[in-house]
Amino acid sequence: MIVPISTRTEEQYSRIDLGTGGFKYALVCNGGVLLADGKREADWYENSLKLIEPGKAELEKALVILEKESGRTSELRFIENLFLFTKCSDPEKAVDRLTSRLDRKRVDVFHKGEKVYVVPVQLSKGNAVMRLREYLDPEYIIAAGDSRFDLSMAEAADWGIVPYGFTKKYRAVSALYEMDKDKLFSEALLEMCLKIRAESIE
């Protein structure tokens, strides 16, 4: 079973067409929203709102800071009342300003290119994996990713598969499976998944 886990909103995710048909389950909004057969699971979302409660005050503070951000180049969005997103011309400076004024024990602040995010620490892909494990009770979980967003997800899985150099770049604390630097990541990932599957059947 393949379960996409994305920071994209439900609307953004719905526009993705891989030509393979829909997936039984998908996690969007960084794991805050669970889609089952394309429909939102209300209980999952309500539990997500409860989980991020400790970080709500910091999100409100970040809203005020970002509203005054001179380098902001797009609208400031409070995604599903779960996390903040915007774009800035100098994202590193925006992140530095936010980091200096927010409680990092309650929210994570980071950027990917020009995109700037403020996300409650409870709303991580790693927590999404742990919640999904409880929800589906799978035999094992393989997770693959290539960005900071994906670090906690890879660490929470039974097998966290990442590109070469990922562990050092993002200072992973758990043992992850880095792919061969001379192989295309998608091909190396598929080979690893097939190997794990074969060994689990034996």
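Just so it is clear, the structure is predicted and the values come from calculations on it, not from any experiment.

**As for the environment of Ile79**
Line of reasoning, step 1. As for its position among the elements, Ile79 is in strand β4 (residues 77-79).
Line of reasoning, step 2. Along the backbone, Ile79 and Glu10 are 69 residues apart, and their C-alpha atoms lie at a distance of 10.0 Å.
Line of reasoning, step 3. Apart from residues no more than four positions distant in its own chain, Ile79 is found in contact with Thr9, Cys29 and Phe85.

**Considerations on helix α3 (residues 56-67)**
In an α-helix, one turn spans 3.6 residues, which is why side chains three or four residues apart end up on the same side.
Line of reasoning, step 1. Spanning 12 residues, α3 covers 17 Å between terminal C-alpha atoms, matching the ideal 16 Å at 1.5 Å per step.
Line of reasoning, step 2. Buried within α3 are the following residues: Glu58, Leu59, Ala62, Leu63, Ile65 and Leu66.
Line of reasoning, step 3. Elements that come into contact with the buried residues of α3 comprise β4, β5 (83-87), α4 (91-101), β6 (107-112) and β7 (115-120).

**Topic: the packing of helix α2 (residues 42-51) against helix α5 (residues 125-136)**
Line of reasoning, step 1. Close contact between α2 and α5 brings their axes to 13 Å; oriented N to C, the two are set at 140°. Here α2 is positioned oblique relative to α5, judged by the angle of their axes. At the point where α2 passes α5, the crossing takes the right-handed sense. In this structure, α2 contributes Trp44, Asn47, Ser48 and Leu51 to the contact, and α5 contributes Ala128, Arg131, Leu132 and Tyr135.
Line of reasoning, step 2. Among the residues forming the contact of α2 with α5, the class breakdown is five nonpolar, two polar and one charged.

**Brief notes about the sheet that holds strand β2 (residues 33-36)**
Strand pairs in the sheet, formed through backbone hydrogen bonds, run parallel or antiparallel to each other.
Line of reasoning, step 1. Pairing is antiparallel across the open sheet formed by three strands, whose spatial order is β1-β2-β3. Two strands in the sheet have a free side with no partner beyond their single neighbour: β1 (25-28) and β3 (39-40).
Line of reasoning, step 2. Here four bridges tie β1 to β2, and the two strands are oriented antiparallel to one another. Counted as the bridge partner of Ala26 is Leu35 from β2.
Line of reasoning, step 3. Contacts between α2 and the sheet are confined to β1, β2 and β3, with β2 contributing the most and set at about 175° to the helix.
Line of reasoning, step 4. Against the sheet, α5 engages β1 and β2, with an angle of about 155° to β1.

Calculation rules
Along each chain, residues carry numbers from 1 onward, in the same order as the chain's sequence is written. In keeping with the predicted nature of the model, local features appear solely for residues at pLDDT of at least 70, side-chain atom pairs appear and are counted solely at 80 or more, and the whole-chain, interface and lining totals rest on all residues. Derived side-chain values reflect all non-hydrogen atoms in the structure, with water molecules and hydrogen atoms excluded from consideration. Runs of H or I in DSSP of at least four residues are treated as helices and runs of E of at least two as strands, each being numbered from the N terminus. Note on definitions: a residue-residue contact is assigned when non-hydrogen atoms from the two residues lie within 4.5 Å. Any helix carries an expected span of 1.5 Å times its number of residues minus one. For each residue, the accessible area found with a 1.4 Å probe, counting protein chains only, is set against the maximum for its type, and the residue is called buried under 20%, exposed over 50%, and partly exposed in between. Comment: axis = line fitted to C-alpha atoms, over the contacting stretch for helices; angle = value between 0 and 180 degrees taken between N-to-C directions. Each angle gets one of four labels, with under 35 degrees taken as roughly parallel, over 145 as roughly antiparallel, 65 to 115 as roughly perpendicular, and the rest as oblique. For any pair of crossing helices, the crossing counts as left-handed if the nearer helix is rotated counterclockwise from the farther one by less than a right angle, and right-handed if it is rotated clockwise. Three classes are used, and their members are as follows: Ala, Val, Leu, Ile, Met, Phe, Trp, Tyr, Cys and Pro are nonpolar, Asp, Glu, Lys and Arg are charged, and the others, Gly among them, are polar. Note on pairing: two strands pair once DSSP finds at least 2 bridges between them.

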